[in-house]
Amino acid sequence: MGTQQSARHDADRIGELAAEFADWRIGRGGSGQWWAVRGNDLVRTHDVEELRVRLQEMTAGSRYPTESGTWPD
């Protein structure tokens, strides 16, 4: 995969995660690690699917309200 293709693929994945986890800021660092930050919570991993799983777990047990202003169960 070329550099441009890889960057496009990463951008697509970031867009998907940002839509799924709207209250998180998500990106990919120069070290190749995917990261997400919300308030004082930070998640870093080398695998984008692991990031998704960890964000789902953290969002389910969140101490922050959702976008609608309700607290998760």
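Analysis parameters
- Sequence order as written defines residue numbering, which begins from 1 separately in each chain.
- For this predicted model, a pLDDT threshold of at least 70 governs which residues receive local features, and a threshold of 80 or more governs which side-chain atom pairs are given and counted, while totals over whole chains, interfaces and linings are taken from all residues.
- As a rule here, side-chain values come from all non-hydrogen atoms in the structure, and water together with hydrogens is ignored.
- Joining through side-chain atoms within 4.5 Å is the link that ties buried Ala, Val, Leu, Ile, Met, Phe, Trp, Tyr and Cys residues into a set, and such a set is a nonpolar core.
- The cut-offs for exposure are 20% and 50% of the maximum accessible area for each residue type, with area from a 1.4 Å probe on protein chains only; residues under the lower value are buried, those over the upper are exposed, and the others partly exposed.
- Each helix corresponds to a stretch of at least 4 residues labelled H or I by DSSP, and each strand to a stretch of at least 2 residues labelled E; elements are numbered beginning at the N terminus.
- Contacts are assigned to residue pairs with any non-hydrogen atoms lying within 4.5 Å of each other.
- Helix span, as expected, comes to 1.5 Å for every residue beyond the first.
- Summarising the geometry, the arc corresponds to the directions from the helix axis toward the C-beta atoms.
- What counts as a salt bridge is simple: a side-chain nitrogen of Lys or Arg found within 4 Å of a carboxyl oxygen of Asp or Glu.
- For two strands to be treated as a pair, DSSP must find no fewer than two bridges joining them.

Glancing now at the nonpolar core. Counting residues in hydrophobic clusters, the biggest one holds 10 residues: Leu17, Phe21, Trp24, Ile26, Trp34, Ala36, Val43, Val48, Leu51 and Leu55. Mapped onto this core, the elements with two or more residues apiece are β2 (34-38) and α2 (48-60). Sorting elements by how many residues they give to this core places α2 first, with three residues. Each residue touching Val48, except ones within four places of it in the same chain, is listed here: Arg13, Leu17 and Trp34.

Okay, helix α1 (residues 3-20) next. Relative to the 26 Å expected for 18 residues at 1.5 Å per residue, α1 spans 26 Å between its end C-alpha atoms, a close match to the ideal helical length. Inspection of α1 places Asp10, Arg13 and Leu17 among the buried residues, and these make up the whole buried set. Axial view of α1: buried residues confined to an arc of 60°, hence all on one face. With respect to the buried face of α1, the exposed residues turned more than 90 degrees away are Gln4, Arg8 and Ala19. Those residues of α1 that are buried are in contact with β1 (25-28), β2 and α2.

Let's shift gears to the pattern of salt bridges. If you walk through the whole model with that rule in mind, you get eight salt bridges. Two residues, Glu16 and Arg13, come together in a salt bridge whose shortest N-O distance is 3.4 Å. Pair noted here: Glu16 and Arg13 are both in helix α1, with a separation of three residues, about one helical turn. When the shortest N-O distance is used, the salt bridge between Arg13 and Glu49 registers 2.2 Å.

In this section: the pairing of β2. Of the two faces of β2, the one lined by Trp34, Ala36 and Arg38 is fully buried and the one lined by Trp35 and Val37 carries no buried residue. The sheet contact formed by β1 and β2 spans four bridges and is antiparallel. In the sheet register, Arg28 faces β2, and the bridge partner there is Trp34. Two successive antiparallel strands, β1 and β2, enclose a turn made up of five residues, where Gly32 displays a positive phi of approximately 90°. Bridging between β2 and strand β3 (residues 41-45) involves five bridges; their strand directions are antiparallel.

Function-wise, these values are silent; they only describe arrangement.
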